[in-house]
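Listed below are the residues making up each chain.
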Amino acid sequence: MQKMLSIISNVLRGTASKNGARVVLSSRGYADFTQQATFDIKKCDVHKLEEAPPQEAVLTREEGLQYYRTMQVMRRMELKADQLYKQKIIRGFCHLYDGQEACAVGIEAGITLSDHLITAYRAHGYTLTRGGTVREILAELTGRRGGIAKGKGGSMHMYTKNFYGGNGIVGAQVPLGAGVALACKYLGKNELCVSLYGDGAANQGQIFETYNMAALWKLPCIFVCENNKYGMGTAVERAAASTDYYKRGDFIPGLRVDGMDVLCVREATKFAADYCRSGKGPILMELQTYRYHGHSMSDPGVSYRTREEIQEVRSKSDPISMLKDRMLQNNMASVEELKEIDVAVRKEIEDAAQFATTDPEPPLEELCNHVYSSEPPIDVRGTSPWSKLKSHS
């Protein structure tokens, strides 16, 4: 028996060859790691709720590695988009999500892929968590045929199954999200819709109209305000008389959540999802988060805030570092293992960038494709400059 254990140990300390590549195996076996741990998380502020999300979260090793990898992919993908934009390979609008990764990953961990989600124009992260690939996202940013919207949507208009974008009009996605929630209720499905918007959109009148309608009809909708402290270049304190966004629903219950902690976001989302599925109607979550880049790539992001402020958030509240430290301090992963993930993520991003810069652009004759879901309406001569082009779905 001792000899067998010695053989297994030697194998684990060696290397394995797969598909011609050398894979370095960790010197620590699966059984050496803590498979599950419980963590204290920040208490959520609540509005019109008798109960609140738990102040403890259970994390398995498998979940931790999955969250870590997804957030690293998101971070590296956005940094690559920044690089491609500065090289003028990506053009037009481009709003990056780095710093806010815990919001997307935490929300996704608290719902299912059969649930629905709609967001604003900072949509790359949610496109990834909803099933899009890095190749498809970067190719969409570069306007290539292999993009997730065939190269015709760009940064703000990406879609996957049960994900409705990516919307460029400030706040306009919120009533659309309530409409998706109405469809869930009408069809009798035990599904919900997460309708996201930023602090900059929180003062829009259409959002309050939507609150009212959703509450009247008890729609299964989680309204999520991603409060990253700045609406474009304006600090929230200068734009809003009340920055308690989780109370803005008035008659709708609300939660204020640490949006930099993936476990805090996950537990709050589970709580909100259970509330909606129980038939009580909508609920509002404010996720307090932070973006490292400017509002968009045309905004350097340091004219209305200091570099020291950004660095302080990075050093004290970075969502990836927070999860990494938890896992290492509780023996849920090794430094080598996480480095291997980092290397694999970088390779995935580089391969995707190579595809996004070499894939052909969509041809002109495909310009009008996918405009209509079925037969297009009858042509009226002289009314359309694209009358010679036909739409194929």
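Presented here is an overview of the structure given in this document. (Residues numbered from 1 in each chain as written. Predicted model: local features only at pLDDT ≥ 70, side-chain atom pairs only at ≥ 80, totals over all residues. Heavy atoms only, no water.)

Between its first and last C-alpha, helix 6 (residues 173-186) extends 20 Å over 14 residues, near the 20 Å set by a 1.5 Å rise per residue. Check the buried side of helix 6 and you find it contacts strand 6 (116-118), strand 7 (193-198), helix 7 (205-216) and strand 8 (221-227). Looking one or two residues beyond helix 6, the residue adopting positive phi is G188, at roughly 70°. (Helix = DSSP H or I, 4+ residues; strand = E, 2+ residues; numbered from the N terminus. Expected span 1.5 Å × (residues − 1). Contact = heavy atoms within 4.5 Å.)

Put simply, helix 6 and helix 7 touch, their axes get as near as 8 Å, and they point 20° apart. The orientation of helix 6 with respect to helix 7, classified from their angle, is roughly parallel. In the packing of helix 6 onto helix 7, the handedness of the crossing is left-handed. Where helix 6 abuts helix 7, its residues V174, P175 and A178 lie against Q206, I207 and T210. Tallied by class, residues from the contact of helix 6 with helix 7 come to four nonpolar, two polar and no charged. (Axes fitted to C-alpha atoms, helices over the stretch in contact; angles between N-to-C directions. Parallel < 35°, antiparallel > 145°, perpendicular 65-115°, else oblique. Left-handed = near helix turned anticlockwise from the far one by under 90°. Nonpolar A, V, L, I, M, F, W, Y, C, P; charged D, E, K, R; others polar.)

Here we come to the state of the cysteines. Evaluation of the coordinates by the stated rule reveals zero disulfides. Its sulfur unpaired, C276 is 7.0 Å from the next cysteine sulfur, which belongs to C221. (Disulfide = S-S within 2.5 Å.)

The next point concerns the sheet that holds strand 11 (residues 254-258). A sheet is described by the order of its strands in space; here six strands give the open sequence 4-11-12-8-7-6, paired in mixed fashion. A strand with exactly one partner marks an edge of an open sheet, and here the two such strands are strand 4 (45-47) and strand 6. For this sheet, the mean inter-axis angle between neighbouring strands, taken without regard to orientation, is 20°. Inspection of the sheet shows strand 11 paired to strand 12 (residues 283-288) by five bridges, in the parallel sense. (Pairing = 2+ DSSP bridges.)

The next point concerns the pattern of salt bridges. A full pass over the atoms with the stated rule returns 17 salt bridges. For the salt bridge of D261 with R326, the shortest nitrogen-to-oxygen distance reads 2.8 Å. Placement of the pair is D261 in the loop between strand 11 and helix 9 (262-277) and R326 in helix 11 (residues 319-329), with a sequence separation of 65 residues. By relative accessible area, which is 13% here, R326 ends up buried. A network of salt bridges, in which partner residues are shared, links D45, D244, K247 and R256. (Salt bridge = Lys/Arg side-chain N within 4 Å of Asp/Glu carboxyl O. Buried < 20%, exposed > 50% of the residue type's maximum accessible area, 1.4 Å probe, protein only.)

Right, let's talk about the packing of aromatic side chains for a bit. Both the distance between ring centres and the angle between the ring planes are used here to describe each pair of aromatic rings. Going through the model one piece at a time under the given rule, you end up with five aromatic pairs. Relative to Y126, the ring of Y97 has its centre 5.6 Å away and its plane inclined at 65°; by these criteria the two rings are edge-to-face. Remark: Y126 occurs in helix 4 (residues 124-129) and Y97 occurs in the loop between helix 2 (61-86) and helix 3 (101-110); sequence separation between them is 29 residues. Neither Y97 nor Y126 differs from the other in exposure class; each is buried. A ring pair is formed by F208 and Y211, whose centres lie 5.5 Å apart and whose planes are at 75°; its orientation type is edge-to-face. One end of the pair, F208, and the other, Y211, are both in helix 7, three residues apart, so they sit about a helical turn from each other. For F208, a relative accessible area of 32% puts it in the partly exposed group. Members of the aromatic cluster, each reached through a chain of ring pairs, are F208, Y211 and F223. Directly above the ring of F33 sits R61, whose terminal nitrogen or CZ lies 4.3 Å from the centroid. The side chain of R326 reaches across the aromatic face of F39, ending 5.5 Å from its centre. (Phe/Tyr/Trp six-rings, centres within 6.5 Å; stacked < 30°, edge-to-face > 60°. Lys NZ or Arg CZ within 6 Å of the ring centre and 35° of its normal.)

Before going further, it helps to examine the packing of helix 5 (residues 134-141) against helix 12 (residues 335-358). When two helices pack together, their arrangement is given by the angle between the helix axes and the distance between those axes. Where helix 5 contacts helix 12, the two axes come as close as 8 Å, and the packing angle between them is 40°. In terms of axis orientation, helix 5 runs oblique to helix 12. Helix 12 is crossed by helix 5, and the crossing has right-handed handedness. Contact residues: V134, R135, L138 and A139 in helix 5; E348, I349, A352, A353, F355 and A356 in helix 12. Looking at the contact of helix 5 with helix 12, its residues break down into eight nonpolar, no polar and two charged.

Another aspect to go through is the nonpolar core. Of all hydrophobic cores here, the largest spans 72 residues; its most connected members are I107 and I222. Broken down by element, this core gets its largest block of residues, 10 residues, from helix 9. Non-local contacts of I222, meaning those with residues more than four positions away in its chain, are made with L192, C193, V194, S195, T269, A272, A273, C276, I283 and M285. Grouped together as the second largest cluster of nonpolar side chains are 22 residues, A178, A202, I207 and C225 included. (Core = buried A, V, L, I, M, F, W, Y, C linked by side-chain atoms within 4.5 Å.)

Right, let's talk about the side chain of D82 for a bit. For D82, the location among the structural elements is in helix 2. A distance of 2.7 Å separates the side chain of D82 from the side chain of H293, its partner in a polar contact. If we ignore the near neighbours within four places in the chain, the residues touching D82 are L96, H293 and M297. (Polar contact = N/O pair within 3.5 Å; in protein donor to acceptor, adjacent residues only side chain to side chain.)

Our next topic: the side chain of H116. Along the polypeptide, H116 turns up in strand 6. Within polar-contact distance, the side chain of H116 engages the side chain of N162 at 3.5 Å. One polar contact links H116 to Y164, side chain to side chain, over a distance of 2.7 Å. Among residues more than four places away in sequence, those in contact with H116 are R130, N162, Y164, V180, C184, E191, L192, C193 and V194.

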